[in-house]
Each structure stands twice: as C-alpha cells, then as structure tokens.
Amino acid sequence: MKPFSYVKPLDLAEAVAAIGPGAKFLGGGTNLVDLMREGIELPETVVDVTGLPLDEVDELPGGGLRIGALVRNSALAADRRVRAAYPVLSQAVLAGASPQLRNMATVGGNLLQRTRCRYFYDQAYACNKREPGTGCDALDGFTRGHAVLGVSGSCIAAHPSDMCVALAALDATVEVQSVRGTRRIPMSDVHLPPGDTPHVETALAEDELVTAVELPPAPVAAGSRYRKVRDRASYAFALVSVAAALEVRDGTVTAVRLALGGVGTTPWRAREAERLLEGGPATEEAFGRAADAELAAAITRQGNAFKVPLARATIVATLKELAG
Amino acid sequence: MRVNGVVESLDIEPWVSLLDALRDHLGLTGPKKGCDQGACGACTVLADGVRINACLALAMQYADKEITTIEGIAKDGEGRHPLQEAFVRHDGLQCGYCTSGQICSAIAMLDEHAAGMPSVLTPSVQPASAVLSDDEIRERMSGNLCRCGAYNGILDAIRDVAGRETVS
Ligand SMILES: Cc1cc2nc3c(=O)[nH]c(=O)nc-3n(C[C@H](O)[C@H](O)[C@H](O)COP(=O)(O)OP(=O)(O)OC[C@H]3O[C@@H](n4cnc5c(N)ncnc54)[C@H](O)[C@@H]3O)c2cc1C
Ligand code: SF4
Ligand code: FES
Ligand code: FES
C-alpha cells in the first residue's frame, strides 16, 4: 500500500478541517482499504472518522428517523425502529456483504462505496472511471455484473450498494458538512449517472463529510420488501434487486415505492413504473406493464441482456407478494 | 492494543493491516490470509467481541480495542473452547485453513443471535427466533468460505454447541 499519514479527529470541526486535497475520509475501510491496496485509491492523508459522535439512530420530531453516518451496517439492520417502520432497509442491508463486513461498514461508507466493475479494479484494463479518457474495456467485455439503465458510451458500471436501493425507495435525504457549512441532498441527487464523466460519481464535493441520512415518515413502508437475485445464495452482489413498498385498497394501488439495484449505474428509483401503478389495479398484468415501461429504456449488451427479463420477473414477484 | 488479554505495544506504520500486525508483528498466525480483500473470512478475529475481517482493517483503527484471535478464545485452564471441541468431534475441517476464521466467526455469531441480531432470513416484524435453524446458521456463517467444502461438519459442530446453549 502506498504510504499515507493517518489522523483520527474526535470532533466534527476538526474532521472537516483535516480534509484537503489528496485526503480521504475513512469509515469502516471495507472499500477504501481494498482500493488502496489495489493502488486505485492513493490518498496522502487518511482521515479516520470512526471516532466522531455520529453513531446513533434518533427519532425525528415530525416522525421519521435520523441515522448517523457512522452507524454500522449491522446496527442499522438490527434497529427495532428500522425493522418495524422501514423493513425494506433492514432487509437490504442484511442482504449485502457478510456479517463481518456489516459489522465494520458504516452508513456513510456504504453510501459512497465505489463500483465493483472488474475492469475498474484491474489496472491492466482501460477504464474511464479510473483514468478519464482512456476508454472502457467493459463495453466489449464480460458484462454479467454491469448496468442496463442510466448507462453511457463511456461507462456501464452498476452501482453496487443494496442499502442505497432501499434509501432511494424511501426518499431519504443525505446531510453533508464541510468548512463551508451543512447542506442536505435528496437521495435521488446524490449519485450521478456516468454520462461523459464517469469519474464524477456523486454530488458531494471531495471535502464534504456525510454526517447523517434522514428517513421521512412513510406509512407505506411498513409493508415493504427487499428482494435480491444473485449468483449464489449469500455473500454476493446483486444481479438484480428490488426494493418495494405497496399499499392496496379494494384492489387499487393507493401508494407505491419501487427502486432497483444491480441494473442501474445509480441506485435506480423506478418513477415511470410508480406513475403507472399509482391509482391502477393491483394485478399481475398491471405490475408487468409497469415493469416493462420502466425497463423500456434499458440498453443491453450480450452479457447482461438477461437482466431485463430477470428484473421484470423480480418486480412482478415482489409486488405480488406485497399485494398479498 | 490488547490482544488475547495481553497489552501489546506496537510501533507500526498506518498502512499495516490488523491481519499483518497480528501475523507478522505479533506472531499470531492463527488468523489466515486467504484473499486479503474481504471475500473469504479466513482472517476473522473479534474486536471487543465483534467479528471483523482483519485484512480490511487498518491496525491503527483498532488501537483501543480488545482483539481476540483463535489463540485466545479458550478460557484459562479450559484447554479448548467448546466450539473447537465440536469442530474436532464433527469433522468440521479438512485442510484447516479456514478453521480459525470459522470458529471465531461462530463464537460471535452465537452472541449476535443471543442479542437479537436478525439475518436476512429473520422475519422483520418478529423478534429473532429463539432457535437457530440450519438455514439461519448457514446464512449467518456465509461470510466464511471453505474451499474444502467441510460445510456439513461445520454446520453440525455449530448446531451442536448452539443446541447445548439453548438447553443450559
Ligand atoms: C467481499 C465484499 C462483498 C461485498 N458485498 C456487498 C453486497 O453484496 N452489497 C453491498 O451493498 N455492498 C457489498 N460490499 C460493499 C460494502 O457494503 C462496502 O464496502 C461498505 O458498505 C463500505 O462502508 P465502509 O464504512 O467500510 O466504507 P469505507 O471503505 O471506509 O469508505 C468508502 C468510501 O466512502 C468514503 N467515506 C466513508 N465514510 C464517509 C463519510 N462519513 N463522509 C464522506 N465520505 C465517506 C471513503 O472516503 C471512501 O471513498 C461488499 C464488500 C466486500 C469487500
Ligand atoms: S464500465 Fe465504467 S468502471 Fe467499468 S471499465 Fe468501463 S468505465 Fe471503468
Ligand atoms: S483474508 Fe480477509 S476475508 Fe479473506
Ligand atoms: S477446511 Fe480447507 S478451507 Fe475449510
């Protein structure tokens, strides 16, 4: 690993002051340490934020929850309030990585984890995300893990996080802080599609620290579900995943949330499908039509074309299960 | 850092992983380096009783923690931990490379379950069930791979110890 200096600030002001050019925040390290060892991330200074007092889940005055950026993934998934009001989030976190990794990983780090595209990881290949302008060897490569929605001619890397798919469905807000102050970013604006600049991955500036994620009240989420399809039963990234919440009255959909993982370059909120479902019949046909409408924009390659029918089937199965 | 009950003073660079600190600096070679990228679980150790992958941990981050490796799991004068005995009894290993990680992981897994930690198989609305089904054990141990495929023996060993804990 390339040598770096290490600091562990114990208060927020110190942490945001310590970050500067060539510095990186360190959470649980499960993504950053890996990428530093591979020589892909080469920070000169590592600012370990795990000593900051941001590890609580608190109830918001108007309802909803505020999740500190340093809450470990396992603690988030086990939180009784999360399990009761937002089961989709607990399930999504528990469907990701392994128990050991979830014990280490933080909410902030999970939010900002980088793609698992194997060409991004392997310096022998061209990658626009790793080295802007060098090309993308995934385009004609092995694309089983790659995205079909939100892709560009520059990059087709899938967003890897399960947690983020649930946060997208739940309309979460991300709070960030820097020496310039605090701002709040809606989850749907946090991750950016690759376009011509796949190395620009999020709306955060490099010196912005994630301090919390807030979940607004969402009665519909009490009946919600995360379903993940992968190449083995556990400890594998999603080929396709679905975060869904559904409320049905007298056969009519009265509220719905739908987001997809494994298929998008960002955690994919399926707004087109939601628009079609809302107010319509809660039938298998309607679920299928909504899925087709969302997936109509898919751009596939030989190795990942299977994701379109797989996503359709997973969406329909999840909504049917929630409709009861 | 406290390691297996002993205070150790280490003079290491910030880029040394906890796994390398344990193996190369303290000579504790029980934790294994299978993949060095978080994908196998052979390096599993306990930090304040919580299971983690030592390969993705910077040693500096754990300076104020109590680290327990396979060398330190047996209580004084006990010889072997009950899970070590069970792994022997049920043939929970072949080459043994994954075994130290499996056993450290299983110790923490049983503690997590007792504390009400759910797995992806646990129903959200209900408290964690009192009994660990075989599927729950498999899911909760999925962070530890075994290239020899000794999974049946590993499952038998853990079920044996978990069962006894439920009875007593
Ligand atoms: C083998 C393996 C399998 C995995 N499988 C899955 C899976 O199936 N599903 C899934 O979703 N994930 C999976 N993961 C990824 C895992 O979820 C992430 O590595 C983890 O969530 C990252 O959290 P961390 O705290 O360890 O982040 P770190 O590695 O510490 O940081 C990640 C990034 O976030 C930045 N960062 C961290 N905290 C902050 C903050 N507070 N503010 C600003 N920036 C910050 C860091 O600078 C870094 O760029 C897997 C990982 C491994 C190694
Ligand atoms: S898909 Fe994106 S991350 Fe993967 S090689 Fe192409 S540019 Fe790089
Ligand atoms: S060596 Fe740490 S998980 Fe494989
Ligand atoms: S016993 Fe050989 S790897 Fe598990």
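Quick caveat: nothing in here was measured; it's all calculated off a predicted structure. (Residues numbered from 1 in each chain as written. Chains lettered and ligands numbered in written order. Predicted model: local features only at pLDDT ≥ 70, side-chain atom pairs only at ≥ 80, totals over all residues. Heavy atoms only, no water.)

Any chance you could explain the overall build of chain A here in plain terms?
Tallying secondary structure elements over chain A gives 13 helices and 12 strands in all. In terms of C-alpha radius of gyration, chain A reaches 19 Å, essentially the compact-globule figure of 20 Å for 324 residues. Taking all 324 residues of chain A together, the buried fraction comes to 57%. Residue pairs at least 24 apart in sequence account for 64% of intrachain contacts in chain A once pairs closer than 6 positions are excluded. (Helix = DSSP H or I, 4+ residues; strand = E, 2+ residues; numbered from the N terminus. Rg over C-alpha atoms; globule rule 2.2 N^0.38 Å. Buried < 20%, exposed > 50% of the residue type's maximum accessible area, 1.4 Å probe, protein only. Contact = heavy atoms within 4.5 Å.)

Whenever I open this one, the domain arrangement of chain A confuses me. Can you help?
One frequent convention defines the size of an interface as the accessible area lost when the parts assemble. What the domain assignment lists for chain A is domain 1 (5-50) and domain 2 (223-323). Here domain 1 of chain A and domain 2 of chain A have C-alpha centroids that lie 36 Å from each other. (Domains from an automatic or database assignment.)

I'm lost on the site of ligand 2 in this one. Help?
Not every one of the 14 residues close to ligand 2 is listed here, only the nearest: Cys117, Cys127, Cys136, Cys155 and Ile156 of chain A. Looking at the shell around ligand 2, its residues break down into 10 nonpolar, 3 polar and 1 charged. (Near = heavy atom within 4 Å. Nonpolar A, V, L, I, M, F, W, Y, C, P; charged D, E, K, R; others polar.)

Sorry if this is basic, but what is going on with the interface of chain A and chain B here?
Between chain A and chain B, the residue contacts involve 34 residues of the former and 39 residues of the latter. Interface of chain A and chain B: buried area, both sides summed, is about 3,000 Å²; carbon and sulfur atoms make up 55% of it. Considering only the side of chain A, the residues that lose the most area to chain B are Arg83, Gln100 and Tyr235 of chain A, jointly responsible for 22% of the buried surface there. Summed over the shared surface of chain A and chain B, the result is 1 salt bridge. Here Arg37 of chain A makes a salt bridge to Asp36 of chain B, at a shortest N to O gap of 3.3 Å. Viewed at the interface, chain B and chain A are joined by 15 residue pairs in polar contact (both at pLDDT 80 or more). (Buried area = accessible area lost by both parts, 1.4 Å probe. Salt bridge = Lys/Arg side-chain N within 4 Å of Asp/Glu carboxyl O. Polar contact = N/O pair within 3.5 Å; in protein donor to acceptor, adjacent residues only side chain to side chain.)

Sorry, what's going on with the side chain of Arg257 of chain A here?
Residues and elements named next belong to chain A. Among the structural elements, Arg257 can be located in strand β11 (residues 252-261). Assessed through its relative accessible area of 17%, Arg257 is described here as buried. A polar atom in the side chain of Arg257 sits 2.8 Å from the backbone oxygen of Ala169. Not counting the four nearest positions on each side in its chain, Arg257 is found in contact with Ala169, Leu170, Asp171, Ala218, Val220, Ala243, Ala244, Ala245, Arg269 and Glu274.

When you look at the site of ligand 1 in this model, what are you seeing that I'm missing?
All names here are of chain A. Close contacts around ligand 1 come from 35 residues, with Phe25, Gly27, Thr30, Thr106 and Asp162 the closest. At 2.7 Å from an oxygen atom of ligand 1 is found a main-chain nitrogen or oxygen belonging to Leu32. Considered on its own, ligand 1 offers 980 Å² of accessible surface; in the complex 96% of this is hidden by protein. Those elements that place two or more of their residues in the shell around ligand 1 are β2 (23-26), α7 (107-111) and β8 (209-215). Residue composition of the shell around ligand 1, grouped by class: 15 nonpolar, 15 polar and 5 charged. (Areas by Shrake-Rupley, 256 points an atom, 1.4 Å probe, with all protein chains shown as cover.)

Would you mind showing me how to read the pattern of salt bridges here?
In a structure, side chains of opposite charge can pair up when their charged atoms sit close to one another. Per the counting criterion, the structure on display carries 36 salt bridges over all chains. Ionic contacts of the salt-bridge type, sharing partners, join the residues Lys24, Glu41, Arg114, Lys129 and Glu201 of chain A into one network.

How should I be thinking about the nonpolar core in this particular structure?
As a rule of thumb, nonpolar side chains are buried together in soluble globular proteins. Membership of the largest hydrophobic core comes to 40 residues, with the highest contact counts inside it found for Leu76, Leu89, Met163 and Leu167 of chain A. The residues contacting Leu167 of chain A, other than those within four sequence positions of it, are Leu89, Leu111, Ala172, Met187, Val213 and Leu215 of chain A. Within the second largest apolar cluster, 31 residues are counted, among which are Met36 of chain A together with Val45, Cys55 and Tyr62 of chain B. (Core = buried A, V, L, I, M, F, W, Y, C linked by side-chain atoms within 4.5 Å.)

I tried to follow the confidence of the model for chain B on my own but got confused; where do I start?
The predicted coordinates should not be examined in detail at positions where pLDDT is low. For chain B, per-residue confidence averages 93 on the pLDDT scale, and 93% of positions sit at 70 or higher. Reported confidence for the predicted complex is 0.96 by ipTM and 0.98 by pTM. (pLDDT = per-residue confidence, 0-100.)

Can you help me understand the packing of aromatic side chains in this one?
Given two aromatic rings, their pairing is described by the distance between the two centres and the angle made by the two planes. Residue and element names in this part refer to chain A. Applying the stated criterion across every chain yields a total of 3 aromatic pairs over all chains. When the ring of Phe120 is compared with that of Tyr121, the centres are 6.0 Å apart and the planes differ by 80 degrees; the resulting orientation is edge-to-face. Across this residue pair, the class does not change: Phe120 and Tyr121 are buried. If you follow Arg144 out to its NZ or CZ, it ends over the ring of Phe306, 4.8 Å from the centre. (Phe/Tyr/Trp six-rings, centres within 6.5 Å; stacked < 30°, edge-to-face > 60°. Lys NZ or Arg CZ within 6 Å of the ring centre and 35° of its normal.)

Any chance you could explain the sheet that holds β2 of chain A here in plain terms?
Sheet strands line up and pair through hydrogen bonds in the backbone, either parallel or antiparallel. All names here are of chain A. An order of β1-β3-β2 is seen for the 3 strands of this open sheet, with the pairing classed as parallel. In the strand order of this sheet, the two ends are held by β1 (5-7) and β2, each with one partner. Direction aside, neighbouring strands of the sheet carry axes that sit 25 degrees apart on average. (Pairing = 2+ DSSP bridges. Axes fitted to C-alpha atoms, helices over the stretch in contact; angles between N-to-C directions.)

What exactly am I supposed to notice about the sheet that holds strand β2 (residues 6-7) of chain B here?
Residue and element names in this part refer to chain B. Pairing within the open sheet is mixed, and its 5 strands lie in the order β2-β1-β5-β3-β4. Two strands in the sheet have a free side with no partner beyond their single neighbour: β2 and β4 (50-53). Its contacts with the sheet put helix α3 (residues 99-114) on β3 (44-47) and β4, and the angle it makes with β3 is roughly 45 degrees.

In this structure, what is going on with α3 of chain B? I would like to understand it.
At 3.6 residues per turn, the α-helix brings residues three or four places apart onto the same side. The end-to-end C-alpha distance of α3 of chain B is 22 Å, a good match for the 22 Å that 16 residues give at a rise of 1.5 Å each. Counting buried residues in α3 of chain B gives 14 out of 16 residues, a clear majority hidden from the surface. (Expected span 1.5 Å × (residues − 1).)

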